[in-house]
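Survey of secondary and tertiary structure
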Amino acid sequence: MKMKTVAVVVFGLTLAVSSASWCMPGGGPGGPPPGMMGPQLFDSLDLTDDQQTSIDAIRATYESQINDLQSQMMDEIKAVLTDEQAETLEEMLQNPPRPPEPPQ
């Protein structure tokens, strides 16, 4: 049961991190899911250089805040886990499960 709980936490964290990466410059694997603010969202807007610079700065600010929140979240989660669970979590985070291949 403990291993299952740790696996669910790791999956949730992996999902949260990958979802957040889709919102950032460069996007996530395969681009952002519908409704997310990936870089492709702005491609058809014919932004001026100044607009693009402003948007890049805004996104960089939020990327930093998201990274800080993810770090804080991990610290709080690890504080709840036993030493063994925390060690397992670290191992799972170092070797996250690969997402399933999309159907061909």
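See above for the structure.
Computed from a predicted structure; not experimentally measured.

What counts and what doesn't
- Residues numbered from 1 in each chain as written.
- Predicted model: local features only at pLDDT ≥ 70, side-chain atom pairs only at ≥ 80, totals over all residues.
- Heavy atoms only, no water.
- Helix = DSSP H or I, 4+ residues; strand = E, 2+ residues; numbered from the N terminus.
- Buried < 20%, exposed > 50% of the residue type's maximum accessible area, 1.4 Å probe, protein only.
- Contact = heavy atoms within 4.5 Å.
- Areas by Shrake-Rupley, 256 points an atom, 1.4 Å probe, with all protein chains shown as cover.
- Expected span 1.5 Å × (residues − 1).
- Salt bridge = Lys/Arg side-chain N within 4 Å of Asp/Glu carboxyl O.
- Patch = residues over 30% accessible without salt bridge, like charges linked within 9 Å, V, L, I, M, F, W, Y side chains within 5 Å.
- Lys, Arg positive; Asp, Glu negative; His and termini not counted.
- Charge placed at Lys NZ, Arg CZ, Asp CG, Glu CD.
- Axes fitted to C-alpha atoms, helices over the stretch in contact; angles between N-to-C directions.
- Nonpolar A, V, L, I, M, F, W, Y, C, P; charged D, E, K, R; others polar.

1. Details of the overall build of the protein chain
Within the protein chain, the regular secondary structure consists of three helices and zero strands. Mapped in sequence order, the helices and strands of the protein chain form the string α-α-α. Looking at the protein chain as a whole, 19% of its 104 residues are labelled buried. Taking as baseline every contact in the protein chain between residues at least 6 positions apart, the subset at least 24 positions apart corresponds to 47%. As displayed, the protein chain offers around 7800 Å² of accessible surface, 60% of which is attributable to carbon and sulfur atoms.

2. Side note on helix α2 (residues 49-80)
With 32 residues, α2 extends 47 Å from end C-alpha to end C-alpha; this agrees with the ideal 46 Å at 1.5 Å per step. Residues I55, R59, Q70 and M74 constitute the buried set of α2.

3. Looking at the pattern of salt bridges
Counted by the stated rule, this structure contains one salt bridge. Residue K78 is joined to E90 by a salt bridge in which the shortest nitrogen-to-oxygen separation is 2.3 Å. Taken together, the positions of K78 in helix α2 and E90 in helix α3 (residues 83-94) put the pair 12 residues apart, joining distant regions of the chain.

4. Describing a negative patch on the surface
On the surface, a cluster of negative charge is contributed by D83, E84, E87 and E91. With respect to the helices, strands and loops of the structure, E87 is situated in helix α3.

5. A few points about the packing of α2 against α3
The contact between α2 and α3 brings their axes to 10 Å, and the two run at 145 degrees. Residue-level inspection shows M74, I77 and K78 of α2 in contact with α3, the latter providing L89, E90 and L93. Residue classes in the contact of α2 with α3 are distributed as four nonpolar, no polar and two charged.

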